[in-house]
Amino acid sequence: MNITTITTIVSYPASAYVVRCCSKHERHSKQQPNNIVINGTTLRSSAVKVVESVVASTTLDHSVVTVNGNNNGQRQNIPTKKQLVDPHRQGLMVEGGVGYRQTIVIRSYEVGPDKTATLESILNLLQETALNHVWMSGLLGDGFGATHGMIRNDLIWVVSRMQVLIDYYPIWGEVVEIDTWVGASGKNGMRRDWLIKSQATGHIFARATSTWVMMNRKTRRLSKMPEEVRDELVPWFIEKQAIEEEAPEKIVKLNKQAKYMNSDLKPKRSDLDMNQHVNNVKYVRWMLETIPDHVLEGHQLSGITLEYRRECGSADIVESLCEPEEDEMVSNLMEQHYNTSLLNGLSLASSSAAAEIINGGGVLTCIDQIQRPIRYTHLLQTKGEKQNDEIVRGRTSWKRKLPTMHLPPNTLCGM
């Protein structure tokens, strides 16, 4: 029996990559159909149209970018036209060619002591996939995600709001897929969303959304979106959201009476990004350093919301404030009740959730009710001689880490 495969050569300056559609005899039994194989590595595709489009165009167009008088064209190879498959980054276009998906393996330096990806690693991956999306679009100039029109108008992107919700943290060596896409946000902003999911099961680990506005690179003031930039971006907008929010909850401003405080934080040169201001991930690190140790040890961050007010430069001195949103004594009492219930095996005699178990809610529902999230409000501000200026307000939510437990058989009713 003859098996037909589609083959084309995609030309790069230093090497060639073979892209073909897998035949049935070549697919692994657990892989999905319509896969793409690049030099022996399989990338999942949402449609055969991606492969057909790659076959129709056999060369990639790249621009020659000059930075600080140096010709980096042969080193960067930034595309000047839209590309559909990126073999270097295990990425490809989805959502009809306007969304982006990247396959990533969680590496050893991206995990913490518990072998799960850290929040900082997740935020870095969100930033990387967003930039790779712009890279593949053919719109990227020599800026930090800026389009050609933005560069001509001396504009850069700045994030005004970001929210990340995490249900599960990927573990070391796990293969995940990160989908990202953009949409409109008002007249002069852009929304970017992400989904992080397991490649093996499709289970969603985390969702994220962000709002971006433009700032003049020279004056450092916010700017309206020029029409030529709007014309570049609108064809890429998708009308869907990773996190549905009817009315975002406002974050209150903390004052000097905040319960936890970390002063005299000084940015390092390594904290600056290509736009010469402190990277967003560093802000999160400063915030988390004010969380009490007992919370960090016994809980996992399940959500974070950031509202950005101004940029932070290398000469700024930063102060990090943190305040619990409810009485920590109440939270500690609830945790003690939670731990006692677990030690008693969720005994029907002692647990207030027994009725829920008997009525068919199950042990997992019972634990979910006992485990209330803890929330903290945060503020980063610069320390000035006359006044302090806000950098970013934040809110974090923490859920109790579930220990491994062995439950008596009589508590398993309803499961």
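For the structure given in this document, a descriptive report is provided here. (Residues numbered from 1 in each chain as written. Predicted model: local features only at pLDDT ≥ 70, side-chain atom pairs only at ≥ 80, totals over all residues. Heavy atoms only, no water.)

**Regarding helix H6 (residues 280–288)**
The periodicity of an α-helix, 3.6 residues per turn, causes residues three or four places apart in sequence to face the same way.
Right, so step 1: Burial within H6 is extensive, with seven of its nine residues counted as buried.
Right, so step 2: The set of residues buried in H6 consists of Val281, Lys282, Tyr283, Val284, Trp286, Met287 and Leu288.
Right, so step 3: Near the N-terminus of H6, the side chain that reaches the backbone nitrogen of valine 281, with its oxygen 2.9 Å away, is that of asparagine 279. (Buried < 20%, exposed > 50% of the residue type's maximum accessible area, 1.4 Å probe, protein only. Helix = DSSP H or I, 4+ residues; strand = E, 2+ residues; numbered from the N terminus. Polar contact = N/O pair within 3.5 Å; in protein donor to acceptor, adjacent residues only side chain to side chain.)

**Notes on the pattern of salt bridges**
Right, so step 1: Enumeration over the complete set of coordinates arrives at 22 salt bridges.
Right, so step 2: Glutamate 311 serves as the salt-bridge partner of arginine 220, at 2.8 Å between the closest nitrogen and oxygen. In this pair, arginine 220 is assigned in the loop between strand E15 (204–216) and strand E16 (222–223) and glutamate 311 in the loop between strand E18 (299–308) and strand E19 (318–324), connecting sequence segments 91 residues apart.
Right, so step 3: Judged by relative accessible area, arginine 220 falls into the partly exposed class, the value being 29%. (Salt bridge = Lys/Arg side-chain N within 4 Å of Asp/Glu carboxyl O.)

**Focus: the side chain of threonine 290**
Right, so step 1: With respect to the helices and strands, the residue threonine 290 is situated in the loop between H6 and helix H7 (293–298).
Right, so step 2: The exposure class assigned to threonine 290 is buried, which follows from its relative accessible area of 6%.
Right, so step 3: Separated by 2.6 Å, the side chain of threonine 290 and the backbone oxygen of methionine 287 make a polar contact.
Right, so step 4: Not counting residues up to four positions away in its chain, the partners in contact with threonine 290 are Tyr260, Asn262, Ser320, Cys322 and His378. (Contact = heavy atoms within 4.5 Å.)

**Some words on the packing of helix H3 (residues 119–137) against H6**
Right, so step 1: Remark: H3 packs on H6, axes separated minimally by 10 Å, with the N-to-C direction vectors making an angle of 160°. Relative to H6, H3 is oriented roughly antiparallel. H6 is crossed by H3, and the crossing has right-handed handedness. Residues Leu119, Glu120, Leu123 and Asn124 of H3 touch H6, and the partners they reach there are Val281, Val284, Arg285 and Leu288. (Axes fitted to C-alpha atoms, helices over the stretch in contact; angles between N-to-C directions. Parallel < 35°, antiparallel > 145°, perpendicular 65-115°, else oblique. Left-handed = near helix turned anticlockwise from the far one by under 90°.)

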